Amino acid sequence: MSDPFRLDGKVALVTGANTGIGQAIALAMAGAGAEVIAAGRSSLDETLDLIAGKGLKARPLALALDDPVKAAGTLAGLGRLDVLVNNAGIIRRADAVDFTEADWDAVIDVNLKAVFFLAQAFARAAFAREGGGAIINIASLLSFQGGIRVPSYTAAKHGVAGLTKLLANEWAAKGINVNAIAPGYIATNNTEALRADPDRNRAILERIPAGRWGEARDIADTAVFLASPAAQYIHGTIIPVDGGWLAR
Ligand code: NAP
């Protein structure tokens, strides 16, 4: 019997695969047997080298998400995809009273609009070949909590949680599993400013039951599970992988 936790024979596209959580997901999915398309707007060499170093294969895809509809068009021309990981994301910090339209639009475009239009392109292609697949959106603790000084990020990540449920409602019966992972505080570029601030760093660590920052690998293993046959009856969930943060 084949291992239900493996991804052999599946083609998995990961956005923002050049670094951080996306890179870890690309690596873990390749390790689980998937043919990975590592997508990003920056060089993907490091990710491809890491995957090649394990004797595995991946191919790069230049994919900037600033124009989400254009990016979705790129996806449509790729051939069969079984897994889409909407990982790429940005954050802009400023007091709500000072927050600019540019910081609002940039974050909403990449973190929310691109998530929807990439998912739509993925589903259209899947339905056209009468196939299914899995979409995994990377949400946030700020899909549940308000946060502070990150209005567009919080709005986008709440939106990702809602979209995940809506798309699951529409597509579960058509063979596409749509789920999300809400990472806790993970040590990547995205959280560099927080870790560099001793007061914020201490306050964060004091609240995490696990007592440590998360690693990108913590998220990657959950993504492999959600993409695998083992998760075939899981639809519309947002799974926190947060060291227990939300339990406090
Ligand atoms: P990261 O290291 O900053 O990586 C973000 C990725 O998104 C990079 O690959 C980046 O590409 C890509 N990206 C940003 N803007 C893009 C654009 N316009 N077009 C294409 N790619 C773009 O951050 P991370 O921590 O790995 O974040 C990955 C995801 O996890 C994000 O959705 C983030 O919101 C979420 N998340 C992270 C944490 C955490 O604690 N780290 C917590 C909750 C949620 P470049 O390298 O070229 O900029």
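Provided above is the structure to which this section pertains.
Residues numbered from 1 in each chain as written. Predicted model: local features only at pLDDT ≥ 70, side-chain atom pairs only at ≥ 80, totals over all residues. Heavy atoms only, no water.

Student: Please explain the overall build of the protein chain as it appears in this structure.
Tutor: Counting its regular elements, the protein chain contains 8 helices and 7 strands. Its C-alpha atoms give the protein chain a radius of gyration of 17 Å, near enough to 18 Å, the size a compact globule of 248 residues would have. For the C-alpha atoms alone, the extent of the protein chain along its principal axes is close to 50 × 35 × 35 Å. A total of 248 residues make up the protein chain; the buried ones form 48% of that total. Element-wise, carbon and sulfur atoms account for 53% of the exposed surface of the protein chain, whose accessible area totals about 11,500 Å². Measuring between centres, the 24 positive side-chain charges of the protein chain sit 4 Å from its 25 negative side-chain charges. (Helix = DSSP H or I, 4+ residues; strand = E, 2+ residues; numbered from the N terminus. Rg over C-alpha atoms; globule rule 2.2 N^0.38 Å. Buried < 20%, exposed > 50% of the residue type's maximum accessible area, 1.4 Å probe, protein only. Areas by Shrake-Rupley, 256 points an atom, 1.4 Å probe, with all protein chains shown as cover. Lys, Arg positive; Asp, Glu negative; His and termini not counted. Charge placed at Lys NZ, Arg CZ, Asp CG, Glu CD.)

Student: What am I meant to see in the pattern of salt bridges here?
Tutor: Two side chains bearing opposite charge may form a pair once their charged atoms approach each other closely. Tallying each qualifying case throughout the model produces 8 salt bridges. Asp 95 is the salt-bridge partner of Arg 149, the closest N and O atoms lying 2.7 Å from each other. Residue Arg 149 is found in the loop between strand E5 (133-138) and helix H5 (151-171), and its partner Asp 95 is found in the loop between strand E4 (83-86) and helix H4 (101-128); the two are separated by 54 residues along the sequence. The exposure class of Arg 149 is partly exposed, given its relative accessible area of 38%. For Asp 95, a relative accessible area of 37% translates into the label partly exposed. Residue Asp 218 is joined to Arg 212 by a salt bridge in which the shortest nitrogen-to-oxygen separation is 3.0 Å. The class for Asp 218 is partly exposed, based on a relative accessible area of 26%. (Salt bridge = Lys/Arg side-chain N within 4 Å of Asp/Glu carboxyl O.)

Student: Help me understand the site of the ligand, please; the structure alone is not making it clear to me.
Tutor: Taken together, 29 residues lie near the ligand, and Asn 18, Arg 41, Ser 42, Tyr 153 and Thr 188 sit nearest. Backbone polar atom of Ile 186 to an oxygen atom of the ligand: 2.7 Å apart, as the coordinates give it. The side chain of Thr 188 places a nitrogen or oxygen atom 2.4 Å from an oxygen atom of the ligand. Relative to its unbound accessible surface of 890 Å², the ligand loses 92% to contact with the protein. Taken atom by atom, the bulk of the ligand overlaps the largest pocket. Mapped onto the shell around the ligand, the elements with two or more residues apiece are helix H1 (20-31) and H5. (Near = heavy atom within 4 Å. Polar contact = N/O pair within 3.5 Å; in protein donor to acceptor, adjacent residues only side chain to side chain. 1 Å grid on protein atoms, 1.4 Å probe; cavity = no way out; pocket = protein on both sides within 12 Å on 5 of 7 lines; lining within 4 Å. Sits in = over half its atoms within 2 Å of the grid points.)

Student: When you look at the layout of surface pockets in this model, what are you seeing that I'm missing?
Tutor: Picture a little ball the size of a water molecule; that probe, rolled over the atoms, points out where space is still empty. Taken as a whole, the largest pocket holds about 1,200 Å³ of empty space. Contributing to the lining of the largest pocket are 49 residues, with Gly 89, Ile 90, Ile 91, Tyr 153 and Asn 190 lying nearest its centre. Among the secondary structure elements, those contributing two or more residues to the lining of the largest pocket are H1, strand E2 (35-40), H4, H5 and helix H7 (198-207). Per element, the largest residue contribution to the lining of the largest pocket is 4 residues, and it comes from H4. (Points joined across faces, edges and corners; volume = space filled by probe spheres on them.)

Student: Before we go on, may I ask you to explain H4 in this structure?
Tutor: Count 3.6 residues to each turn of an α-helix, and residues three or four apart come out pointing the same way. End to end, H4 covers 38 Å across 28 residues, agreeing with the expected 40 Å (1.5 Å per residue, within 8%). Largest kink in H4: about 45°, centred on Asp 109. (Expected span 1.5 Å × (residues − 1). Bend = angle between axes of the 7 residues up to and from the residue.)

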